[in-house]
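The residues making up each chain are set out below.
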Amino acid sequence: MGSPRHPTWPAMHSAGSNLSFWAQVVMNLTSRQACEAKKIDWAVSYARTVAAVHFEDDNLAGLEMGQEVVARALPEYFPVKYGSNASNIRIKVNQKRFKWADYDPLEDCNSL
């Protein structure tokens with residue numbers, strides 16, 4: 001792998017790739033489905049590292065940033081759009097948060 005020829009910044013492709021968090025809040029995913037969704041987000045992020053567009057830490061920072069944006073936006077958006085209870089959304093958001101730095105991309109989703 002090469003390295004970027006620019007300063008380090010959180011990666012916006014990674015920030016935008018937060019299906020795994022959003023879907024866990026909005027839907028009732030099984031553990032296996034949540035695992036597979038995380039793999040997709042991580043793959044989008046990691047591909048940017050392989051392409052030498054971002055450093056790996058930039059991608060992890062982007063994934064964390066994207067999760068934070070979604071966590072803050074959903075409790076405000078869903079009550080307006082769908083009449084949801086903001087408190088319930090906040091509770092589920094807090095239950096589904098995870099640290100990308102602790103993520104194992106080799107986790108076997110079939111064992112969940």
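Rules behind the numbers
- Residues numbered from 1 in each chain as written.
- Predicted model: local features only at pLDDT ≥ 70, side-chain atom pairs only at ≥ 80, totals over all residues.
- Heavy atoms only, no water.
- pLDDT = per-residue confidence, 0-100.
- Helix = DSSP H or I, 4+ residues; strand = E, 2+ residues; numbered from the N terminus.
- Salt bridge = Lys/Arg side-chain N within 4 Å of Asp/Glu carboxyl O.
- Buried < 20%, exposed > 50% of the residue type's maximum accessible area, 1.4 Å probe, protein only.
- Contact = heavy atoms within 4.5 Å.

Visitor: Help me understand the confidence of the model for the protein in this model?
Guide: Any segment with low pLDDT has predicted coordinates that should not be analysed in fine detail. On average, residues of the protein carry a pLDDT of 92, and 98% of them reach 70 or more. Within the protein, helix α5 (residues 86-96) carries the highest mean pLDDT (97), whereas helix α1 (residues 12-16) carries the lowest (87).

Visitor: What am I meant to see in the pattern of salt bridges here?
Guide: Where charged atoms of side chains with opposite charge meet at close range, the side chains can pair. Within the structure shown, the criterion is met by three salt bridges. Across the pair R72 and E68 runs a salt bridge, and its minimum N-O distance is 2.8 Å. Here E68 and R72 lie together in helix α4 (residues 56-82), a separation of four residues that amounts to about one turn. Given the relative accessible area of 27%, E68 is considered partly exposed. R90 serves as the salt-bridge partner of E76, at 3.3 Å between the closest nitrogen and oxygen.

Visitor: Hey, could you run me through the environment of P10 in this one?
Guide: Assignment of secondary structure puts P10 in the segment before α1. By relative accessible area, P10 is classed as partly exposed at 30%. Taking C-alpha positions, P10 is 22 Å from K96, a pair spaced 86 residues apart along the chain. Beyond its immediate sequence surroundings of up to four residues, P10 is in contact with D58, A61, G62 and M65.

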